[in-house]
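# Structure at a glance
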Amino acid sequence: MTRKPLIGLNADFRAAARSTPAFAYIASGYYQAIINAGGIPVLVPPQADEESVSRVLDAVEGFLFIGGGDLDPRNDGFMLHPSVHPMDAAREASDRMLMAEIAERRMPVFGIGVGMQLINVQQGGNLFLHIKEDLPEAVPHFDAQDVNHRHTLNVESDSLIGRVYGDGEIRVTSRHHMAIDEVAPGFRVTARCPDGVIEAIESEMIDWFALGTQFHPESEAASALDIRIFEEFVDAVRDRNQDAPAKEGDEAYRLVA
């Protein structure tokens, strides 16, 4: 029986307000997609220090960064734009520590929405802070007439995204006002909206599986093709584990004479 890999997923965070306590939470589509793809989701609330982050990553074999609020551009040396609604600072600090350690370890990683943006900025890229102003010719990446906010994609055929979707018209769920501007070194664009806005990036580094989608393949409107992205990710985690050195005390890695 194939061993199911453990996949970490960061949780969103909402601070206490009046009579409402603070809580961490995650939309079910993210962890259900990991389960359906053959992985075991491990939910990770915001961590406060690097030692905790390191222990968390010792326990999992791949990591999925979920969508959410905006990254605060001031953390990357840019001014705060009026359209930016930063995620809770505790979550952002934790996510950045996690991403830095994941990159150092070359752990397989998949980022969705702001998760893709995090991969890009952590690796040296940057972002458009407001599509309406930075790319005035772009189509609205928010559709008030469509609750699923779907638009078409143009994909690069020689890529994971191209392998998943193949030929023909593709429609994905994508709602956002920030987007990738400069792509981080070591990554390439593998899908765009027809207006040119970047919708997917993939690592070109042979020792690191790293994938990001601006669109949301975990959404309720996801197609069977969307779900295949998670299968590709979980398969990549499983393949890396097969090549990894044995871990002491792990029955799955013991050699049998």
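Just so it is clear, the structure is predicted and the values come from calculations on it, not from any experiment. (Residues numbered from 1 in each chain as written. Predicted model: local features only at pLDDT ≥ 70, side-chain atom pairs only at ≥ 80, totals over all residues. Heavy atoms only, no water.)

Counted by the stated rule, this structure contains 7 aromatic pairs. A ring pair is formed by Tyr-165 and Phe-215, whose centres lie 6.3 Å apart and whose planes are at 65°; its orientation type is edge-to-face. Residue Tyr-165 is located in helix α6 (residues 160-165), and its partner Phe-215 is located in the loop between β13 (210-213) and α7 (224-243); the two are separated by 50 residues in the primary sequence. Accessibility assignment for this pair places Tyr-165 and Phe-215 in one class, buried. (Phe/Tyr/Trp six-rings, centres within 6.5 Å; stacked < 30°, edge-to-face > 60°. Helix = DSSP H or I, 4+ residues; strand = E, 2+ residues; numbered from the N terminus. Buried < 20%, exposed > 50% of the residue type's maximum accessible area, 1.4 Å probe, protein only.)

Quick look at the packing of helix α2 (residues 50-59) against helix α3 (residues 89-105) now. Two elements in contact, α2 and α3, have axes separated by 10 Å at closest approach and are oriented at 50°. If you check the angle between α2 and α3, you find them oblique. In the crossing of α2 with α3, the sense of the turn from one axis to the other is right-handed. Contacts between α2 and α3 pair Glu-50, Val-53, Ser-54, Leu-57 and Asp-58 from the former with Met-97, Leu-98, Glu-101, Ile-102 and Arg-105 from the latter. In the contact of α2 with α3, the residues fall into 5 nonpolar, 1 polar and 4 charged. (Axes fitted to C-alpha atoms, helices over the stretch in contact; angles between N-to-C directions. Parallel < 35°, antiparallel > 145°, perpendicular 65-115°, else oblique. Left-handed = near helix turned anticlockwise from the far one by under 90°. Contact = heavy atoms within 4.5 Å. Nonpolar A, V, L, I, M, F, W, Y, C, P; charged D, E, K, R; others polar.)

The next thing to look at is the packing of α3 against helix α4 (residues 114-122). Across the interface, α3 lies against α4 with an axial gap of 10 Å and an inter-helix angle of 60°. By the angle class used here, α3 and α4 are oblique. As for the relative orientation of α3 and α4, their crossing is right-handed in sense. In contact with Arg-91, Asp-95, Arg-96, Met-99, Ala-100 and Ala-103 of α3, α4 contributes Val-114, Leu-118, Ile-119 and Gln-122. The class makeup of the residues in the contact of α3 with α4 is 6 nonpolar, 1 polar and 3 charged.

With that settled, the discussion passes to the pairing of strand β11 (residues 187-192). Relative to strand β12 (residues 198-203), β11 is paired through 5 bridges, and the arrangement is antiparallel. From the neighbouring strand, Ala-191 faces β12, where its bridge partner is Ala-200. Between the antiparallel neighbours β11 and β12 lie 5 residues, among them Gly-196 with a positive phi of about 100°. (Pairing = 2+ DSSP bridges.)

Right, let's talk about unusual backbone geometry for a bit. Here the phi dihedral of Arg-18 falls at roughly 50°; this positive angle occurs in a residue that is not glycine. Take Arg-18: it is sitting in the loop between β2 (12-14) and β3 (23-25). Phi is positive for Arg-106, close to 60°, though the residue is something other than glycine. Examined against the element boundaries, Arg-106 turns out to sit in the loop between α3 and β6 (109-112). We classify Arg-106 as partly exposed; its relative accessible area is 24%.

Let us look at the pattern of salt bridges. Tallying each qualifying case throughout the model produces 12 salt bridges. Across the pair Arg-3 and Glu-61 runs a salt bridge, and its minimum N-O distance is 2.6 Å. Here Glu-61 lies in the loop between α2 and β5 (62-65) and Arg-3 lies in the segment before β1 (6-10), a separation of 58 residues in the sequence. The class for Arg-3 is partly exposed, based on a relative accessible area of 34%. The partner of Arg-105 in a salt bridge is Asp-58, and the shortest N-O contact between them spans 2.9 Å. Highlighted residues: Arg-105 in helix α3 and Asp-58 in helix α2, separated in sequence by 47 residues. Bridged by salt links that share partners, the residues Asp-12, Arg-91 and Asp-95 form one connected network. (Salt bridge = Lys/Arg side-chain N within 4 Å of Asp/Glu carboxyl O.)

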